[in-house]
Amino acid sequence: MVPRQRSNNLVPLPPYVMLRSGRYYLEPKGSLIERFGGRKSVPLGGDFTEMYMNYTSLMNDHRLGRREPIYTMNQLIDSYLLKVTPKKAESSHRREIGRAVFLKRVFGEMHPAAVTTLDVYAFIDWRTDTAPVGVNRELALLSSIFQKGIRWGALTSSPMIDIERNPESPRDRYITHEEYTNFRQYAFERNPVIAWYMDFKYLCGLRTFDIRALKQSQFTDEGIALKISKNQTNRLIAWTPAFRQVTMNLIEACGRERRDEHGTITRLKQSSEHVLFTRDGTPYTADGWRANFYRLMRGALEEGVLLQPFCDHDIRAKAGSDHANVEEARRFLAHLNIKITEKHYRRKAEVIQPLM
């Protein structure tokens, strides 16, 4: 098999989805029209990822994710995106949709049982030219899809067993105290929400998704009670004077009037139950928050505040690195496996004392 690169418009679409004039529509047929209240066309958006997000939401709301015969990889991938990925965090859901595009381009018309180890290696060779690390994530998704395919009766064994993946090095960007302080001050003068968010994230170690989902109703006298999205563990982040103050400052900053990059002042339209929220009182979307953070990061780099960029997730890694030992960091970051902490979240250089 020789993979061919195609445009997004030629990627096979899920059942009942049509592309018209650059926008996607769900167009149910036959008895399905009745289940959609008589609607023969439902807009899904103009972006491929947005389309799949809306499609899975609609189909699951109408309980259309029932088991059907699977004859092609397109059907198997669509079933996985419909039944499995919506249960994951929004960011994971979006990423898996993007990765599935490449899987559908290459394996789409094949029967799941016909995919061989050699086909997978041909895919690796093709994707390595443009995404030597990204292909490993796509392989992880493909492996999960095949495992579900076995459960759904589409094949009896996975071709992913003992597949050799591309070598990769874990990210090692450590934010120094000076870099943190400089960027935080820069953020405070332009968008205080991001400045207080940095402090909040550093003090509690939560992932961005969990912070965006936090509600003030989760506050107790002892601290903030939540369930970690990644591993579903229950957690109580105890109040300290500093953490309580930073939390209140973040909420207050979200509710204040703000000036955007064009100098326009915006004011909060309504109160919010969330900890991190937009001027409309709604929680930030993953894309919306990412755009805010990296817009400010670009400005800091252009003005010489920072010499090297860092990403939002590096703040969590800094928090893990600044703890005294790896076990303390593991507990703080709510990791079940200490190897994850060691490999990805202990980035601070080890200090070695000379003998003399």
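This one's a predicted model, so the numbers in the text were calculated from it and none came from an experiment.

Asker: I keep staring at helix α8 (residues 192–204) and nothing clicks. Help me out?
Answerer: For α8, spanning 13 residues, the distance from its first C-alpha to its last is 18 Å, which sits close to the expected 18 Å at 1.5 Å a residue. Among the 13 residues that make up α8, ten are buried, leaving the element largely enclosed by the rest of the structure. Within the sequence span of α8, burial applies to V193, I194, A195, W196, Y197, M198, D199, F200, K201 and C204. Following α8 by one or two positions, G205 has its phi on the positive side, about 75 degrees.

Asker: Honestly, the nonpolar core in this entry has me stumped. Any pointers?
Answerer: Counting residues in hydrophobic clusters, the biggest one holds 44 residues, and the most contacted among them are M73 and F107. Breaking this core down by element, the ones donating at least two residues are β2 (23–26), β3 (42–45), α2 (48–61), α3 (73–83), α4 (90–107), α5 (117–128) and α6 (134–151). Not counting the four nearest positions on each side in its chain, M73 is found in contact with F107, G108, M110, P112, V115, L142 and F146. One finds A195, A253, V275 and F310 within the second-largest nonpolar core, a separate group that totals 40 residues.

Asker: Even after reading the chapter, I still don't get the pattern of salt bridges, so can you show me in this structure?
Answerer: Note that side chains of opposite charge can pair when their charged atoms are close. Scanning all chains against the criterion turns up 18 salt bridges. The shortest N-O distance in the salt bridge between D287 and R94 comes to 3.6 Å. Residue D287 is located in helix α11 (residues 286–302), and its partner R94 is located in helix α4; the two are separated by 193 residues in the primary sequence. Here R190 ties to E189 by a salt bridge, and the two come within 3.3 Å at their closest N and O atoms. What makes R190 partly exposed here is its relative accessible area of 36%.

Asker: Sorry, what's going on with the confidence of the model for the protein chain here?
Answerer: A low pLDDT means the predicted coordinates there should not be read in detail. The share of residues in the protein chain with pLDDT of 70 or more is 91%, and the mean pLDDT across the chain is 88. Summarising per-element confidence for the protein chain, the mean pLDDT is lowest in strand β6 (residues 258–259) (56) and highest in α8 (97). Under a pLDDT of 50 for its full length, residues 1–9 has, in the predicted model, 18 contacts with residues more than four places off or in other chains.

Asker: Is there a simple way to think about the sheet that holds strand β1 (residues 17–20) in this case?
Answerer: For sheets, the rule is that strands pair by backbone hydrogen bonds, running either parallel or antiparallel. One open sheet holds the three strands; their spatial order is β1-β2-β3, and the pairing between them is antiparallel. Strand pairing shows two members of the sheet lacking a second neighbour, β1 and β3, which therefore form its edges. The mean angle between the axes of side-by-side strands here comes to 35 degrees, regardless of whether they run parallel or antiparallel.

Asker: How should the packing of α3 against α6 be read in this particular structure?
Answerer: Running from N to C, α3 and α6 point in directions that differ by 95 degrees, and their axes come no closer than 10 Å. With respect to α6, the element α3 is oriented roughly perpendicular. Here α3 contributes M73, L76, I77 and Y80 to the contact with α6, which in turn contributes L141, L142, S144, I145, F146, K148 and G149. Each residue belonging to the contact of α3 with α6 can be placed in one class, and the counts come to eight nonpolar, two polar and one charged.

Asker: Help me out: how do you make sense of the packing of aromatic side chains in this one?
Answerer: For any pair of aromatic rings, geometry is given as the distance between the ring centres together with the angle between the planes. As enumerated under the stated definition, the model contains 17 aromatic pairs in all. With a centroid separation of 5.5 Å and 35 degrees between ring planes, the pair formed by W239 and F243 is classed as tilted. With respect to class, W239 is no different from F243; both count as buried. Judged by centre distance (5.0 Å) and plane angle (70 degrees), the rings of Y284 and W289 are edge-to-face. The two residues Y284 and W289 agree in class, both being buried. Clustering of aromatic rings is evident, with ring pairs tying together F183, Y186, F293, Y294 and F310. One cation-aromatic arrangement involves R127 over F102; the distance from NZ or CZ to the ring centre is 3.6 Å.

Asker: Please clarify how empty space enclosed by the protein should be interpreted in this entry.
Answerer: Summary: where empty space remains is shown by rolling a probe the size of a single water molecule over the atoms. One pass over the structure, following the stated rule, counts one cavity of 30 Å³ or more. Approximately 40 Å³ is the volume attributed to the largest cavity. Forming the walls of the largest cavity are G205, L206, R207, D210, I228, R235, R316, F332, L333 and A334. Residue composition of the lining of the largest cavity, grouped by class: five nonpolar, one polar and four charged.

The rules behind these values
Residues numbered from 1 in each chain as written. Predicted model: local features only at pLDDT ≥ 70, side-chain atom pairs only at ≥ 80, totals over all residues. Heavy atoms only, no water. Helix = DSSP H or I, 4+ residues; strand = E, 2+ residues; numbered from the N terminus. Expected span 1.5 Å × (residues − 1). Buried < 20%, exposed > 50% of the residue type's maximum accessible area, 1.4 Å probe, protein only. Core = buried A, V, L, I, M, F, W, Y, C linked by side-chain atoms within 4.5 Å. Contact = heavy atoms within 4.5 Å. Salt bridge = Lys/Arg side-chain N within 4 Å of Asp/Glu carboxyl O. pLDDT = per-residue confidence, 0-100. Pairing = 2+ DSSP bridges. Axes fitted to C-alpha atoms, helices over the stretch in contact; angles between N-to-C directions. Parallel < 35°, antiparallel > 145°, perpendicular 65-115°, else oblique. Nonpolar A, V, L, I, M, F, W, Y, C, P; charged D, E, K, R; others polar. Phe/Tyr/Trp six-rings, centres within 6.5 Å; stacked < 30°, edge-to-face > 60°. Lys NZ or Arg CZ within 6 Å of the ring centre and 35° of its normal. 1 Å grid on protein atoms, 1.4 Å probe; cavity = no way out; pocket = protein on both sides within 12 Å on 5 of 7 lines; lining within 4 Å. Points joined across faces, edges and corners; volume = space filled by probe spheres on them.

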